[in-house]
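# Geometric and topological summary
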Amino acid sequence: FSASRRSFDAPYCITNQPRMDPFESEMHSVVEGFNKNWFDVAVGPKDQAQTKWRHFCEEFGMDDDTLFIRPSGNPASPSTIIDMITSGDIMPKSMDIVSVDSCRVFAEGHAAVVTFTQHSVFTYKGKENDDIAKWTMVLEKSPSNCWKIIQAHRGTGQAPSNNPAAVGQ
């Protein structure tokens, strides 16, 4: 395993909470922290969003090499994401983690893939959306024992009526 060219100066550190195993606990913490912090940036004052986003990227160890894949399949850098957040096109109302669906830690504990289900209510370009979406994240553990987001992919959202079990209905 090689840390390659990524910097580990400000990764997202987790606190262990009792779960089935330590890696699952860590993945839950990363996912929950990611979701909460993303929502806080998105719903906050737009004039403060750039500063909050920089802090968010630092907290989760994201840099220019971090890649987001949007539901359309198009890639986006962290700078593209903040441009989308501050454009006014996306107006979030709620973002909740429904479940952490899988956690696979490999490379002797230095890398992981986690999938989770998110329930989001938001407006996009004036259209109301109430989505259940699957996410996949690829994470890398830094030498300081903190997880960094290397890549995140949000699948196309489905209406909760198409997946009532996902929202506990």
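Quick caveat: nothing in here was measured; it's all calculated off a predicted structure. (Residues numbered from 1 in each chain as written. Predicted model: local features only at pLDDT ≥ 70, side-chain atom pairs only at ≥ 80, totals over all residues. Heavy atoms only, no water.)

## Some words on the packing of helix H2 (residues 46-59) against helix H3 (residues 78-86)
Worth spelling out the cut-off: Interaxial angle, 0 to 180 degrees, is taken between N-to-C directions of lines fitted to C-alpha atoms, where a helix line uses only the stretch in contact. What counts as a helix is a DSSP run of H or I of at least four residues, what counts as a strand is a run of E of at least two, and both are numbered from the N terminus. Any angle from 65 to 115 degrees is called roughly perpendicular, while one under 35 is roughly parallel, one over 145 is roughly antiparallel, and all others are oblique. Helix crossings fall into two classes, left-handed where the near helix is turned counterclockwise from the far one by less than a right angle and right-handed where it is turned clockwise. We call two residues in contact whenever any of their non-hydrogen atoms come within 4.5 Å of each other.
One can describe the packing of H2 onto H3 by two numbers: an axis separation of 10 Å at closest approach and a directional angle of 150°. Regarding the angle of H2 to H3, the classification is roughly antiparallel. The handedness of the crossing between H2 and H3 comes out as right-handed. Of the residues in H3, those in contact with Lys46, Ala49, Gln50, Trp53 and Cys57 of H2 are Pro78, Ile81, Ile82, Asp83, Ile85 and Thr86.

## Digging into the layout of surface pockets
Stated precisely, the cut-off is as follows: Method remark: on a 1 Å grid restricted to protein atoms, a set of points is classed as a cavity if a 1.4 Å probe fits but cannot get out and as a pocket if it is open with protein on both sides within 12 Å along at least five of seven lines; lining residues have an atom within 4 Å of a point. Grid points are joined across faces, edges and corners, and a volume is the space filled by probe spheres set on the points. Gly is put with the polar residues, along with every residue not named as nonpolar or charged; the nonpolar set is Ala, Val, Leu, Ile, Met, Phe, Trp, Tyr, Cys and Pro, and the charged set is Asp, Glu, Lys and Arg.
Taken as a whole, the largest pocket encloses approximately 580 Å³ of empty space. Forming the walls of the largest pocket are 22 residues, and the residues nearest its centre are Pro71, Met84, Ile90, Phe122 and Arg154. At the level of elements, helix H1 (22-43), strand S1 (67-69), H3, strand S3 (90-106), strand S4 (111-124) and strand S5 (127-141) are the ones that each hand at least two residues to the lining of the largest pocket. Here the residues of the lining of the largest pocket are counted per class, giving 14 nonpolar, four polar and four charged.

## Some remarks on the packing of H1 against H3
Helix-helix packing is characterised by the crossing angle of the two axes and by the distance between the axes. Two elements in contact, H1 and H3, have axes whose closest approach is 9 Å; the angle formed by their N-to-C orientations is 50°. On the basis of the axis angle, H1 is oblique to H3. Between H1 and H3, the contacting residues are Trp38, Val41 and Ala42 on the first element and Ile81, Ile82 and Ile85 on the second. Split by residue class, the contact of H1 with H3 holds six nonpolar, no polar and no charged.

## Re the environment of Lys125
As for its placement among the helices and strands, Lys125 is situated in the loop between S4 and S5. Once the C-alpha coordinates of Lys125 and Met91 are considered, the two residues, 34 residues apart in sequence, prove to be 8.5 Å apart.

## Details of H2
Note the following rule: For a helix, the expected span equals 1.5 Å multiplied by the residue count minus one. Bend at a given residue is defined as the angle between two axes, one fitted to the seven residues that end at that position and one fitted to the seven that begin there. Exposed residues in this analysis have more than 50% of their type's maximum accessible area, buried residues have under 20%, and partly exposed residues fall in between, with area computed by a 1.4 Å probe over protein chains only.
A rise of 1.5 Å per residue sets the reference length of H2, with its 14 residues, at 20 Å; its end C-alpha atoms lie 20 Å apart and thus fit the reference within 8%. Most pronounced at Lys52, the bend in H2 amounts to some 25°. Restricting attention to buried positions, one finds in H2 the residues Ala49, Trp53, Phe56 and Cys57. The elements touched by buried residues of H2 are H1 and H3. Gly61 sits one or two positions beyond H2 and adopts a positive phi of about 65°.

## Section: the confidence of the model for the chain
For clarity, the threshold we go by: A score between 0 and 100, pLDDT records how confident the predictor is in each residue.
Per-chain confidence: the chain averages 82 in pLDDT, with 83% of residues scoring 70 or above. Mean pLDDT values over the elements of the chain span from 84, in H2, up to 95, in S5. Of the regions scoring below 50 in pLDDT, residues 1-19 engages in 62 contacts with residues more than four places distant in sequence or in other chains.

## Comments concerning the sheet that holds S5
Stated precisely, the cut-off is as follows: When DSSP finds two or more bridges between a pair of strands, those strands are recorded as paired.
The strand order across the open sheet built from six strands is S2-S1-S6-S5-S4-S3, with neighbouring strands paired in mixed fashion. Strand pairing shows two members of the sheet lacking a second neighbour, strand S2 (75-76) and S3, which therefore form its edges. With 14 bridges connecting them, S3 and S4 associate as antiparallel partners. Directly across from Ile90, in S4, lies its bridge partner Tyr124. Here H1 sits on the sheet and contacts S1, S3, S4, S5 and strand S6 (147-154); the angle it forms with S3, its principal contact strand, is near 160°.

## Examining the packing of aromatic side chains
Cut-off, in case you're wondering: Each pair of aromatic rings taken from Phe, Tyr and Trp, with Trp reduced to its six-membered ring, is defined by centres within 6.5 Å and is described as stacked if the planes are under 30 degrees apart, edge-to-face if over 60, and tilted in the remaining cases.
Applying the stated rule across the entire model yields 11 aromatic pairs. Seen from their ring centres, Trp38 and Trp53 are 5.4 Å apart, and the 85° between their planes marks the pair as edge-to-face. Highlighted residues: Trp38 in helix H1 and Trp53 in helix H2, separated in sequence by 15 residues. There is no split in this pair, since Trp38 and Trp53 are both buried. Considering the side-chain rings of Trp38 and Trp135, the 6.1 Å spacing of their centres and the 75° angle between planes classify their relative orientation as edge-to-face. Of the two residues, Trp38 is situated in helix H1 and Trp135 in strand S5; the sequence distance between them amounts to 97 residues. By relative accessible area, which is 13% here, Trp38 ends up buried. For Trp135, a relative accessible area of 6% puts it in the buried group. An aromatic cluster of three or more residues is present, and its members are Phe34, Trp38, Trp53, Phe56, Phe60, Phe68, Phe116 and Trp135.

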